[in-house]
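# Remarks on the overall topology
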Amino acid sequence: MLYRELGSTGEKVSILGFGCMRLPVKGRYDKIDEKKASKLLDHALKNGVNYLDTAYPYHGISNSEGGNSEVFLGEYLYQRDERSQVYLATKIPTWLLKEPEDMDRFLDEQLKRLQTDQIDFYLLHSLKEKNWFHLEDLGILEFLDSAVADGRIKYTGFSCHDETAFFKEVVNSYQWDVCQLQYNYLDEQIQVGKEGLEYAAERGIGTLIMEPLKGGVLARQVPFEVAKLWEGSDWTPAEWAFRYLWNIPQIDVVLSGMNTMEQLLENLKTAEKGWPDSLSPWENEVMEQVKQAYKDKITVECSACGYCMPCPSGINIPQCLSYLNQAAMLNDITNVRGQYYFMLKDTEHASNCLECGLCEEMCSQRLPIREKLKEVKKTLEE
Ligand SMILES: NC(=O)c1ccc[n+]([C@@H]2O[C@H](COP(=O)([O-])OP(=O)(O)OC[C@H]3O[C@@H](n4cnc5c(N)ncnc54)[C@H](OP(=O)(O)O)[C@@H]3O)[C@@H](O)[C@H]2O)c1
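Rules and cut-offs
- Residues numbered from 1 in each chain as written.
- Predicted model: local features only at pLDDT ≥ 70, side-chain atom pairs only at ≥ 80, totals over all residues.
- Heavy atoms only, no water.
- Helix = DSSP H or I, 4+ residues; strand = E, 2+ residues; numbered from the N terminus.
- Contact = heavy atoms within 4.5 Å.
- Areas by Shrake-Rupley, 256 points an atom, 1.4 Å probe, with all protein chains shown as cover.
- Lys, Arg positive; Asp, Glu negative; His and termini not counted.
- Charge placed at Lys NZ, Arg CZ, Asp CG, Glu CD.
- Near = heavy atom within 4 Å.
- Polar contact = N/O pair within 3.5 Å; in protein donor to acceptor, adjacent residues only side chain to side chain.
- Nonpolar A, V, L, I, M, F, W, Y, C, P; charged D, E, K, R; others polar.
- Pairing = 2+ DSSP bridges.
- Axes fitted to C-alpha atoms, helices over the stretch in contact; angles between N-to-C directions.
- Domains from an automatic or database assignment.
- Buried area = accessible area lost by both parts, 1.4 Å probe.
- Phe/Tyr/Trp six-rings, centres within 6.5 Å; stacked < 30°, edge-to-face > 60°.
- Buried < 20%, exposed > 50% of the residue type's maximum accessible area, 1.4 Å probe, protein only.
- Core = buried A, V, L, I, M, F, W, Y, C linked by side-chain atoms within 4.5 Å.
- Expected span 1.5 Å × (residues − 1).
- Arc of directions from axis to C-beta.

## Regarding the overall build of the protein chain
Secondary structure summary: the protein chain contains 16 helices and 10 strands in total. Counting only C-alpha atoms and orienting by the principal axes, one finds that the protein chain spans roughly 60 × 55 × 45 Å. A separation threshold of at least 6 residues defines the contact pool for the protein chain, and within that pool the share at least 24 residues apart is 75%. Here the protein chain has roughly 16900 Å² of accessible surface; of this, 49% comes from carbon and sulfur atoms. Averaging the coordinates of the 41 positive side-chain charges in the protein chain and doing the same for the 60 negative ones gives two points 5 Å apart.

See below:
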């Protein structure tokens, strides 16, 4: 296993982290197959994985209740006496924080669930512009200071699926140790993106990558045009995706949700070659062509300049168009639709369009936005 230093923390973390959001289950998401999951963790730890990522709701029945991932992990580490051998990361469910006392309540509950006195990396889960001001008002940054001071957490961080400008604002607001962002070869210009990754890394913040395979889509649903570009290579699609990420020096840990032994074995093997700047010129060139092949499938040439905003009806036009493009690029409409509903407020959805046309007057690309919003509604809402 290769290790990289995690931002300015000085901690040496395995470049492959174990994401505990997609553990093997017995039929239902909240029923972890503990025997299989333990076998996977045994093998991962034995082969040098030392970073485990979980969160309060993982493997639960809804986002408003504690799931079974933390509980399973706590019991696993206790039974195996492995707690001191790993970096344990979990996240506070920011969307459930209503009163200042909720923060201590969740942290104390999570310490119990994980059967530990200290959480190594404690992240604010899924920060979004729409909840950030509320969290600041609650005193979340002061809470982090106090939890570090009393030793309940060692390092602080946050995860974010929101856009670059907001991500940078959060980065600037506190002395974070780590941040977690969605990143893969298709997501360099959406959400936090390449600009956000580099911004955090320049400031010594450790970078943890989530959804390196876009939730598995980049391994499962490879379009014919892309498969053709990889002809002649014996790398699997997952291998290409991981090698692409580890090639980037600003990336510290790539978290992978592995739910079979085959996936774990493959990802461990790939990680053996995950040095920074390790792709050959030919491999780099192929990946540029792969990205282009996906881009050629997009249906609207929106550059997300934001000139169309604000929409009088409150629609998040650039984001709606970005989801329309993702739906066209990926053979996985369910995943994209899930993101569309998860990330955008109801008022930001395309169906709120009153066809006033103000956005089209302002659009730098002269796009037929009203028509495109109808397509978004048809594709993602109906
Ligand atoms: N903070 C947040 O908001 C947030 C959000 C998302 C994730 N995360 C964290 O980040 C971790 C990683 O994200 P992720 O689970 O979405 O990662 P991912 O690697 O993008 O997707 C995981 C899925 O990829 C597939 N896979 C993994 N290795 C493979 C291989 N070698 N070959 C083929 N398919 C393979 C599996 O899919 P199938 O077996 O299902 O086909 C697996 O369920 C999560 O587990 C979680 O800990 C955090």
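And the narrative resumes.
## Some points on the site of the ligand
Lining the immediate surroundings of the ligand are 27 residues, of which Arg22, Asp53, Leu213, Gly215 and Arg220 lie closest. Note that an oxygen atom of the ligand is positioned 3.5 Å from one of the backbone N or O atoms of Gly19. Within the contact set of the ligand, an oxygen atom lies 3.3 Å away from a backbone nitrogen or oxygen of Pro212. Within the complex, the protein chains bury 89% of what would otherwise be the 900 Å² of accessible surface of the ligand. Sorting the residues of the shell around the ligand by element identifies helix H8 (217–220) and helix H11 (261–271) as the ones contributing at least two each. The greatest single-element share of the shell around the ligand, amounting to three residues, is contributed by H11. By residue class, the composition of the shell around the ligand is nine nonpolar, 11 polar and seven charged.

## Side note on the sheet that holds strand S5 (residues 87–92)
Strand order in the closed barrel formed by eight strands is S3-S4-S5-S6-S7-S8-S9-S10, with parallel pairing between adjacent strands. Adjacent strand axes in the sheet meet at a mean angle of 25°, parallel and antiparallel pairs treated alike. In the sheet, strand S7 (residues 153–160) pairs with strand S8 (residues 178–182) via four bridges, with the strands oriented parallel. The partner of Gly157 across the bridge, within S8, is Val178.

## Focus: the domain arrangement of the protein chain
We note that the domain assignment places domain 1 (3–280) and domain 2 (317–381) within the protein chain. Between the C-alpha centres of domain 1 and domain 2 the distance comes to 28 Å. Taken together, the contact pairs 16 residues of domain 1 with 13 residues of domain 2. Approximately 1200 Å² of surface area, both sides summed, lies buried where domain 1 meets domain 2, with 54% of it carried by carbon and sulfur atoms. Here domain 1 and domain 2 share three residue pairs in polar contact (both at pLDDT 80 or more) between them. Class assignment for the residues of the side of domain 1 that touches domain 2 results in four nonpolar, five polar and seven charged.

## Considering the packing of aromatic side chains
With the rule as written, the count across this model stands at 16 aromatic pairs. When the centroid spacing of 5.0 Å and the interplanar angle of 85° are considered together, the rings of Tyr56 and Phe106 count as edge-to-face. You can see Tyr56 sitting in the loop between strand S4 (51–53) and helix H2 (68–80) and its partner Phe106 sitting in helix H3 (residues 101–113), a full 50 residues away along the chain. Here Tyr56 matches Phe106 in class, with each residue buried.

## Considerations on the nonpolar core
Membership of the largest hydrophobic core comes to 111 residues, with the highest contact counts inside it found for Phe18, Trp132, Phe158, Trp176 and Tyr185. For this core, the two domains that each supply at least three residues are domain 1 (3–280) and domain 2 (317–381). Residues within four places of Trp132 in sequence aside, it is in contact with Leu124, Leu127, Ile140, Leu141, Phe166, Glu169, Val170, Ser173 and Trp176. Membership of the second largest hydrophobic core comes to 12 residues, among which are Tyr87, Ala89, Leu208 and Val253.

## Some points on H3
An α-helical segment advances 3.6 residues per turn. Residues three or four places apart therefore align on the same side. Compared with an ideal rise of 1.5 Å per residue, which puts 13 residues at 18 Å, H3 spans 19 Å between its outermost C-alpha atoms and is within 8% of the ideal. By the burial criterion, the buried members of H3 are Asp102, Met103, Phe106, Leu107, Gln110, Leu111 and Arg113. What you see down the axis of H3 is that its buried residues fit within an arc of 165°, all on one side. Those residues of H3 that are exposed and angled more than 90 degrees off the buried face are Glu101 and Lys112. Trailing H3 by a residue or two, Gln115 shows a phi angle of about 50°, which is positive.

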